Amino acid sequence: MAYLAQLVGLVEELVEAVTVIPPTDRKKTLACRESALRGIRHHSYLRTNQFEVDDQLKGLEERFRVIGRDPLADAFSQRLDALEGHRNKYTPDVLRFLLELSDQPAQNTKLGDLDLLHQEPEWEDGPKLTWQEIAEEDGWNDERAIWRNTDYSPSSGDEDEEEVRSATSHDDSVSTTSSVPDGHARTVQSLIAKPSDGESLLEQVRTSQAWRYDGPQKNGDGRAKKTPILSLQLLREVLFMLGGLETTLFDSDCDPVTNYQLTGVSWETYKSLVTSFAECGRKLAPLRAFAARKQQIPLLQVFQDSLQRSLASFDRELAKIQGQFVAIKADVVVSLMGVLDELAPSLTPLYTLANIIRQLQEERNPHAFRYLELLFDTVGTAQLEGNVVTFQHLGRIFFDCFQVYLKPIRLWMEEGKLLPGDRTFFVSETPTKTPLPLIWKNQFNLLKTPDGTLHAPRFLRPAIHRIFTTGKSIVVLKHLKHQSLLRNRRDQDEPRMDFVTVCPAHLDFAPFSELFTAAFQEWIQSKHHTAAATLRELLFNSYGLSQGLDALENIYLMSDGAKSDTFASAIFRHLDSLSSSWKDRFTLTEIAQEAFSPCLDTYRLSAEIDPRSTAHSAIASRSSVRLSLPAVRLLYRLPWPVQIIVPGDAVQGYQTIFTFLLQARRALSTLTHPILAFSSVGSAGSSERPAVYHLLRAKLLWFCNTVLTYLTSLVLAPNTARFRRELGDAPDVDDMIAAHAGFVARVISESCQGAKLQPIREGMLDVFDLAIKVEDAHRAEMTRLAEEDDEISRLSVMSSPVRTPMKSRGRRSLHAVVEIRRREDGDEDDEDGEGWGAAVLARRGAAVVEGKKSHAAVLKEMHTDFERHLRFVAGGLRGVARAGREEATGKWDLLAQMLEAGIREGVSI
Amino acid sequence: MPAPDDRTEKQQAAQQAVDILHEISTLLNCHLDRRTLSICISMIENGVNPEALAAVVKELRKEGQIDAAAAAAAASTTARRR
């Protein structure tokens, strides 16, 4: 049943498709359907024979070929072959069906139908777009610019030319629609522009501008007459002139051309009116000229930019006025005086700017930042005069330009770098590489003009020093590889430096220079503080500034007496033994390092001998403090950051003090540690030992102790303490350097080592030498006495009759000679048998030595010498103290007082 | 899922077969449009004898032609009458 229903449906469709019965005619449809069904169901046909079908198809194809329709045959066979791929069990039936329905295919089939088959499913396209339509739509013919050849060369100028005239006059626009016919050919004809309907407008314009004559118009009788003009025309000309454009009524210097006159106004009135306008124009002319020039330096470029902006706003004012007359919205009166009044407020700042430019141009070779100084002054003046508009206008310009000036400053203070080729900045770098300890002093310099002033704007002068030190600190920190520390610390932003921040409205009455200075100080402080503090801390903590200074004090200033004594006495031993090994620097270094080892890094310490002093013989070196001891030099190698604070020439000062102290100690040690002990405190010697000797010795001891006490407790100790305090307080490196330099200078002058007190120093050295001489003489005397005693004792044993009694003086002198000769042999022992014998012989054979005084006389002489020297030194100190005005005079006075105590108590013999 | 793909493939294959048969029928000048052809193919696949079906189609065409001629004649007489 289902099959039947399906079949019925299909039959109905078939009927509908094949016959053209309208669906309303249901009866007919039904009838057809019934007949179709009957035909389908009741038939007497056999089953399809598929081989027969194939034969028939092959035959058909052959028939096509036979009658000459090869393409048809090919198409047919092609389709059949294609069908092979889709063969199912009903395919033969379908083919049978088609064969039954075929209607003389050999004659009637058209191959074109096949193609039409494939075209049927295509839908209908919309109308195709053609280039023609696009061209018309876009108006390619109208835009002439498309067809112009583009010029790719770098100079292209003619693109935007302002048509100022179009604002006021009613120009007719040349019609842009060309008469080029649609199409691609451009003929010569097409290049002729035909003004379409602007002829009348053009005529109007021509007549309205007819009054512009080139030269003066002539009267009937040949005299020049004045051309009358309307006030509107004059107004227009004036506005153009103020806008910097060429006009007929004013020439290039903004002087009015005298050929024209306003109608209805007398000549004088007209002239004064026009002259006042000309004045305005003339004042603005340098401004415009400057704004148009090309500048290379960024500082000037920003100034030029501000000027251009001011001029642009002025031009906008002009345009607004012109707009009132052209696009008339309300009734407006054409009044030249009114225009002048309207423009006055905008003109005043421009006049001041023009003034600045004029001043700049008058100066010869101004610096790039000269205009900043002029601007600064003008702003201050404007504020004082109460000119609020000018003040604000110029103030803004000033700060805009100042921002550019701040850039190199900021770079310097934050990175320690300089912009290459920047001549406006006041810091310069030496091109050569400086050694590390000298970076601070030498690598960067402040630029100065030939007449000695700093190459910086006047208003920045107070702050320049701090800027400089900050940058240098950063450079040093970079060398110490600590700049990262600095970056972490820089967490606060710099304060803004612009007009509204620096001159806020509520501080109207504060002078501009004060406000600026305060703001700039703040700005600097934000950058300076961290750099300087970091460097200080580093110097103290990481690089051992204090330790270095302590070491210097220990070595040069002998602050630790025990160690210095060890060192000094080692040297003195060498000196006294007349050995030359103290002149060897390795020995000296060893001695020094051994002596100072507990308190400093010995590897930094080394010693050397000044080669000039090695020429003296050993005896001479030994007998005077002047000859040998100044040659001893100690060197302490400081880390290079500390060397910034303690430069090489300061160490020279230390060395001087060291030498002096060494000399004093030499004298003292000679007096307190005699080399040869009294071997025989015997009978003969005791009576001959003069009291003078003891007195002299005591006085010399007192002198040396006084000098040493003065040096240590009154000069070195307080100054060191003060220096340490100042060092702790110093905010930045320059102050530290200054503190140190001051310390060294003070110490040198107070310890009488300065150039002024040279004679006094020489006097003191004379006293030291005297001390050595006294001891030497005494020693000689003692030895002689001891020898005499020995000889007497021996001779008394030997009892020889022949004995020339020699003068005691001669024997004494011979003994002295023998003594010295013995000492020269380096023999410290008392008696050597053979030498002794030889000496006696020598004594016997010796002639009388002339002119030697007795020991007592020598000592008396020395005593008087000492008194003389003492008086000289004390008197000299008093005199200098009274006459001088330096800090050290107080100390000198003290020393003089201490020494005078000795003079008063002196008992002259 | 394999079943719908199969179905679509079968549908496509069937479409292609019908296309080729339509081309053949055109070459054989059977005056069959596509719709009629597909109906007939469906009927044949349902077991209808092709020769019988061909006879029925011829019959229906004849009927259609008679009706069309009668309608045309009626139309011309009404036109002539007006």
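Rules of the game
Residues numbered from 1 in each chain as written. Chains lettered and ligands numbered in written order. Predicted model: local features only at pLDDT ≥ 70, side-chain atom pairs only at ≥ 80, totals over all residues. Heavy atoms only, no water. UniProt positions renumbered as here; feature names shortened; annotations may be inferred. Helix = DSSP H or I, 4+ residues; strand = E, 2+ residues; numbered from the N terminus. Buried < 20%, exposed > 50% of the residue type's maximum accessible area, 1.4 Å probe, protein only. Contact = heavy atoms within 4.5 Å. Buried area = accessible area lost by both parts, 1.4 Å probe. Salt bridge = Lys/Arg side-chain N within 4 Å of Asp/Glu carboxyl O. Nonpolar A, V, L, I, M, F, W, Y, C, P; charged D, E, K, R; others polar. Core = buried A, V, L, I, M, F, W, Y, C linked by side-chain atoms within 4.5 Å. Domains from an automatic or database assignment. Pairing = 2+ DSSP bridges. Polar contact = N/O pair within 3.5 Å; in protein donor to acceptor, adjacent residues only side chain to side chain. Patch = residues over 30% accessible without salt bridge, like charges linked within 9 Å, V, L, I, M, F, W, Y side chains within 5 Å. Areas by Shrake-Rupley, 256 points an atom, 1.4 Å probe, with all protein chains shown as cover. Lys, Arg positive; Asp, Glu negative; His and termini not counted. Charge placed at Lys NZ, Arg CZ, Asp CG, Glu CD. Axes fitted to C-alpha atoms, helices over the stretch in contact; angles between N-to-C directions. Parallel < 35°, antiparallel > 145°, perpendicular 65-115°, else oblique. Left-handed = near helix turned anticlockwise from the far one by under 90°.

The name given to chain B in an unreviewed UniProt entry is Mitotic-spindle organizing protein 1, with Schizothecium vesticola as the source organism. Taken verbatim from the UniProt record of chain B, the Subunit (unreviewed entry) comment is "Part of the gamma-tubulin complex." Word for word, the UniProt comment on chain B under Function (unreviewed entry) is "Required for gamma-tubulin complex recruitment to the microtubule organizing center (MTOC)."

For chain A, the name recorded in an unreviewed UniProt entry is Spindle pole body component, with Schizothecium vesticola as its organism. Its UniProt record gives chain A the following Sequence similarities (unreviewed entry) comment, quoted word for word: "Belongs to the TUBGCP family."

**Q** Help me out: how do you make sense of the overall build of chain B in this one?
**A** Check the secondary structure of chain B and you find 3 helices and 0 strands. Listed N to C, the secondary structure of chain B is α-α-α in terms of helices and strands. Buried residues in chain B amount to 39% of all 82 residues.

**Q** Where do I start with the interface of chain B and chain A in this structure?
**A** Interfaces are often sized by the accessible area lost when the parts come together. Listed per partner, the contact involves 44 residues of chain B and 53 residues of chain A. Summing the contributions of chain B and of chain A, the shared interface buries around 4500 Å²; its carbon and sulfur component is 74%. When the area that chain B buries against chain A is broken down by residue, the three leading residues are Leu27, Leu28 and Glu51 of chain B, summing to 17%. Inspection of the chain B/chain A interface yields 4 salt bridges. With its nearest N and O atoms 3.3 Å apart, the salt bridge here joins Glu63 of chain B to Lys28 of chain A. For the side of chain B that touches chain A, the secondary-structure elements that each account for two or more residues are helix 1 (2–27), helix 2 (34–45) and helix 3 (50–81) of chain B. For the side of chain B that touches chain A, the element with the most residues is helix 3 of chain B, which contributes 14 residues. Taken together, the residues of the side of chain B that touches chain A sort by class into 24 nonpolar, 12 polar and 8 charged.

**Q** Before we go on, may I ask you to explain the nonpolar core in this structure?
**A** Inside soluble globular proteins, nonpolar side chains tend to come together where they are buried. Counting 197 residues, the largest nonpolar core has Phe303, Phe398, Phe402, Phe520 and Phe567 of chain A as its most contacted members. It is helix 30 (residues 691–729) of chain A that provides the largest number of residues to this core, a total of 15 residues. Among the domains, domain 2 (229–362) and domain 3 (405–504) of chain A are the pair contributing at least three residues each to this core. Among the nonpolar cores identified, the runner-up in size contains 49 residues, and Phe76 of chain A together with Leu28, Ile39 and Val56 of chain B belong to it.

**Q** What is the right way to look at the pairing of strand 7 (residues 605–609) of chain A in this model?
**A** Residue and element names in this part refer to chain A. Only one face of strand 7 is covered, namely the face carrying Leu605, Ala607 and Ile609; the face carrying Ser606 and Glu608 is uncovered. As paired strands, strand 7 and strand 8 (residues 632–636) are joined by 5 bridges and run antiparallel to one another. Among the inter-strand pairings, Ile609 is bridged to a residue of strand 8, identified as Val632.

**Q** Even after reading the chapter, I still don't get the side chain of Arg370 of chain A, so can you show me in this structure?
**A** Mapped onto the fold, Arg370 of chain A is located in helix 15 (residues 370–385). A polar contact of 2.8 Å, which involves the side chain of Arg370 of chain A, links it to the side chain of Glu373 of chain A.

**Q** Would you take a moment to explain a negative patch on the surface for this structure?
**A** Residues and elements named next belong to chain A. A contiguous patch of negative charge on the surface is contributed by Glu133, Glu136, Glu137, Asp138, Asp142 and Glu143. By the element assignment, Glu136 lies in helix 8 (residues 131–138). In this structure Glu136 comes out as exposed when scored by relative accessible area, which is 51%.

**Q** Any chance you could explain the packing of helix 32 (residues 758–798) of chain A against helix 35 (residues 855–883) of chain A here in plain terms?
**A** When two helices pack together, their arrangement is captured by the angle between the axes and the distance separating the axes. Residue and element names in this part refer to chain A. Running from N to C, helix 32 and helix 35 cross one another at 165°; their axes reach a closest spacing of 9 Å. Put simply, helix 32 runs roughly antiparallel to helix 35. When you trace helix 32 past helix 35, the crossing you get is left-handed. Residues Pro759, Ile760, Gly763, Met764, Asp766, Val767, Leu770, Lys773, Val774, Ala777, His778 and Glu781 of helix 32 lie in contact with helix 35, whose contacting residues are His855, Val858, Leu859, Met862, Asp865, Phe866, His869, Phe872, Val873, Gly876, Leu877 and Val880.

**Q** Even after reading the chapter, I still don't get the pattern of salt bridges, so can you show me in this structure?
**A** Note on pairing: side chains with opposite charge can pair once their charged atoms come close. Residue and element names in this part refer to chain A. Across all of its chains, the model carries 41 salt bridges over all chains by this definition. Between Arg784 and Glu788 there is a salt bridge whose closest N-O contact spans 2.5 Å. One end of the pair, Arg784, and the other, Glu788, are both in helix 32, 4 residues apart, so they sit about a helical turn from each other. The residues Arg784 and Glu788 share a single accessibility class, namely buried. Across the salt bridge formed by Glu900 and Arg878, the nearest N and O atoms sit 3.0 Å from each other. With Glu900 in helix 36 (residues 889–905) and Arg878 in helix 35, this pair connects stretches of sequence that are 22 residues apart. Among the charged side chains, a salt-bridge network with shared partners connects Glu363, Arg370, Glu373, Asp377 and Arg458.

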